[in-house]
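Architecture at a glance
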Amino acid sequence: MARRVHITGFGGIENFEVVDQDIPDAGEREFLVRVLAAGLNPVDAKIVADPANAKRHGVTLPAGSGNDFAGRIESMGRRAFGFAVGDLVFGGARMRAQADYVTVTADALTLIPEGLSTAQAACLDIAGRTAMAMVREMEISRDDTVLVSAAAGGVGYLTAQLCRLRGATVIGTASERNHDLLRAHDIVPVAYGDGLADRVRAAAPQGVDVVLDHAGRETLETAIELGVPANRVNTIADRPFAAKHGFSDYARAESTHDELRAIAELVAEGTVDLPIEATYPLEQVRDAYEHLLTGHVRGKIALTLED
């Protein structure tokens with residue numbers, strides 16, 4: 001028998017349960033992956049919290065949970081190619097990743113590069129691809145001053161560092177405890193809350209050219225107050241507000257497999273930092289999401305499913 005996270009109904013994290021299941025068989029073109037770690041993303045909880053969010057993501061309950069995973073290939077179908085039994089891989093499996101075993105096709109998998117931990121690899125499919133797509137689509141350059149919200153969080157921290165790699169000046173919103181982390185990567189930290197626009201003006205008297213939002217309304221209202229053109233504001237946190245004001249909402253869907261491989265290499269070689277703030281065993285999935293939903297997480301949180 002194997003285990004998986006099972007979501008029983010809409011509401012809060014009390015609906016996350018760990019249940020037994022049979023080990024699945026790999027289909028003809030599939031790989032069976034023994035999952036060793038699974039990353040958490042806020043969207044997982046948002047899907048459970050609201051039937052409208054679930055419908056938007058094509059999810060009906062009951063269902064599994066999670067998207068991001070890393071593990072080892074245990075077996076493969078007779079027409080599955082590109083990887084071998086024993087390979088360490090990572091990728092995404094929407095609403096199925098938080099399980100001892102997952103079956104996927106080759107297009108969902110990437111080899112884990114040397115130097116990348118299993119936990120880090122298990123946190124890249126959404127955050128890494130979203131950050132790469134956002135920075136590319138918004139055409140960030142050395143001429144830009146960029147405001148990145150939630151700049152110490154999973155997507156925001158990667159995004160801020162990618163902007164710096166392109167030579168941009170980066171202002172990052174974060175809680176006080178994370179300001180030193182941002183300074184270490186030449187990201188200018190500013191605090192959240194009332195007066196944000198004034199603090200951003202003080203940090204960037206030359207003005208802000210681009211806003212990349214991972215937090216929501218406060219950042220977007222600040223973008224308007226600062227006079228940032230609508231076509232240079234992107235959010236993954238408040239799409240209705242974005243639609244109303246003509247902002248973009250580039251995210252994982254706009255990314256490529258090559259970009260996922262590239263961000264993994266950048267983290268593996270140490271060019272980009274991806275801290276794992278905490279890991280939890282699968283049985284403590286509710287505790288893990290409670291930690292995530294407190295906000296102000298430094299980097300990412302992962303579940304561990306080691307033998």
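Below is a summary of the structure that appears in this document. Because the structure is predicted, anything quoted here is derived from the model rather than measured.

**Let's talk about the sheet that holds strand β11 (residues 210-213)**
In spatial order, the strands read β10-β9-β8-β11-β12; together these five strands make up an open sheet with parallel pairing. Both edges of this open sheet fall to β10 (188-190) and β12 (233-235), since each of them pairs with a single strand only. Along the sheet, successive strands turn relative to each other by an average axial angle of 15°, direction set aside. In terms of strand pairing, β11 meets β12 through three bridges, oriented parallel. Pairing of Val211 across the sheet is with Val233, part of β12. Taken strand by strand, helix α5 (residues 154-165) contacts β8 (145-148), β9 (169-173) and β11, and its axis lies near 170° from that of β8. The strands touched by helix α8 (residues 217-226) within the sheet are β8, β11 and β12, with β11 carrying the most contacts at an inclination of about 170°.

**Structural notes on the pairing of β8**
On β8, burial covers both faces: Thr145 and Leu147 on one face and Val146 and Val148 on the other are all buried. One ladder, built from four bridges, connects β8 with β9; its direction is parallel. Bridge pairing in β9 places Leu147 opposite Ile171.

**Focus on the packing of aromatic side chains**
Under the counting rule described, the total for this entry stands at three aromatic pairs. With centroids separated by 5.7 Å and ring planes inclined at 90°, the aromatic side chains of Phe31 and Phe83 adopt a geometry described as edge-to-face. Here Phe83 lies in the loop between β4 (68-76) and β5 (88-92) and Phe31 lies in strand β3 (residues 30-39), a separation of 52 residues in the sequence. The pair formed by Phe31 and Phe83 is uniform in burial state, with each residue classed as buried. Here the aromatic rings of Phe241 and Phe247 are separated by 6.4 Å at their centres, their planes lie at 50°, and the arrangement is tilted.

**Thoughts on helix α1 (residues 42-49)**
Inspection of α1 places Val43, Asp44, Ala45, Ile47 and Val48 among the buried residues, and these make up the whole buried set. Residues of α1 that are buried sit in contact with β1 (2-7), β2 (16-21), β3, α2 (51-56) and α11 (285-293).

**Description of the environment of Asp273**
Positionally, Asp273 belongs in the loop between α10 (257-268) and β13 (276-281). Excluding residues within four positions of it along the chain, Asp273 makes contact with Tyr157, Leu158, Gln161, Leu181 and His185. Among the polar contacts made by the side chain of Asp273, one reaches the side chain of Tyr157 at a distance of 2.8 Å.

**Things to note about the side chain of Asp238**
For Asp238, the location among the structural elements is in the loop between β12 and α9 (239-245). Side-chain polar atoms of Asp238 contact the backbone nitrogen of Phe241, separated by 3.1 Å. When sequence neighbours within four positions are dropped, the list of residues in contact with Asp238 reads Gly216, Arg217 and Leu220.

**Here's the deal with the side chain of Thr235**
Within the secondary structure, Thr235 is located in strand β12. Given a relative accessible area of 0%, Thr235 falls into the buried group. Of the polar contacts made by the side chain of Thr235, one reaches the side chain of Asp213; its length is 2.5 Å. A polar side-chain atom of Thr235 sits 3.3 Å from the main-chain amide nitrogen of Asp238. Dropping the residues within four chain positions of it, Thr235 is found in contact with Asp213, Leu220, Ala242, Ser248 and Asp249.

**What to know about α5**
Here α5 is twelve residues long and its end C-alpha atoms lie 17 Å apart, about the 16 Å a rise of 1.5 Å per residue gives. Counting buried residues along α5, ten of its twelve residues qualify, which places the element largely inside the surrounding structure. Residues of α5 that are buried: Gly154, Val155, Gly156, Tyr157, Leu158, Thr159, Ala160, Gln161, Leu162 and Cys163. One or two steps after α5, the chain reaches Gly167, where phi turns positive at roughly 90°.

**Looking at the layout of surface pockets**
If you add up the space inside the largest pocket, you get close to 1,300 Å³. Contributing to the lining of the largest pocket are 43 residues, with Pro42, Val43, Lys46, His214 and Ile236 lying nearest its centre. Residue assignment for the lining of the largest pocket shows that the elements contributing at least two residues are α1, α2, α5, α9, α11 and β14 (300-304). Element by element, the count of residues in the lining of the largest pocket is highest for α1, at five residues. Broken down by class, the residue content of the lining of the largest pocket amounts to 21 nonpolar, 14 polar and eight charged. What lines the second largest pocket is a set of 15 residues, and nearest its centre among them are Arg4, Gln21, Arg96, Ala99 and Tyr101. When residues of the lining of the second largest pocket are traced back to their parent elements, those giving at least two are β1 and β6 (101-105). When residues in the lining of the second largest pocket are grouped by element, the largest group, three residues, is from β6. Residues that form the lining of the second largest pocket fall into these classes: eight nonpolar, five polar and two charged.

Rules used in this analysis
Residues numbered from 1 in each chain as written. Predicted model: local features only at pLDDT ≥ 70, side-chain atom pairs only at ≥ 80, totals over all residues. Heavy atoms only, no water. Pairing = 2+ DSSP bridges. Helix = DSSP H or I, 4+ residues; strand = E, 2+ residues; numbered from the N terminus. Axes fitted to C-alpha atoms, helices over the stretch in contact; angles between N-to-C directions. Contact = heavy atoms within 4.5 Å. Buried < 20%, exposed > 50% of the residue type's maximum accessible area, 1.4 Å probe, protein only. Phe/Tyr/Trp six-rings, centres within 6.5 Å; stacked < 30°, edge-to-face > 60°. Polar contact = N/O pair within 3.5 Å; in protein donor to acceptor, adjacent residues only side chain to side chain. Expected span 1.5 Å × (residues − 1). 1 Å grid on protein atoms, 1.4 Å probe; cavity = no way out; pocket = protein on both sides within 12 Å on 5 of 7 lines; lining within 4 Å. Points joined across faces, edges and corners; volume = space filled by probe spheres on them. Nonpolar A, V, L, I, M, F, W, Y, C, P; charged D, E, K, R; others polar.

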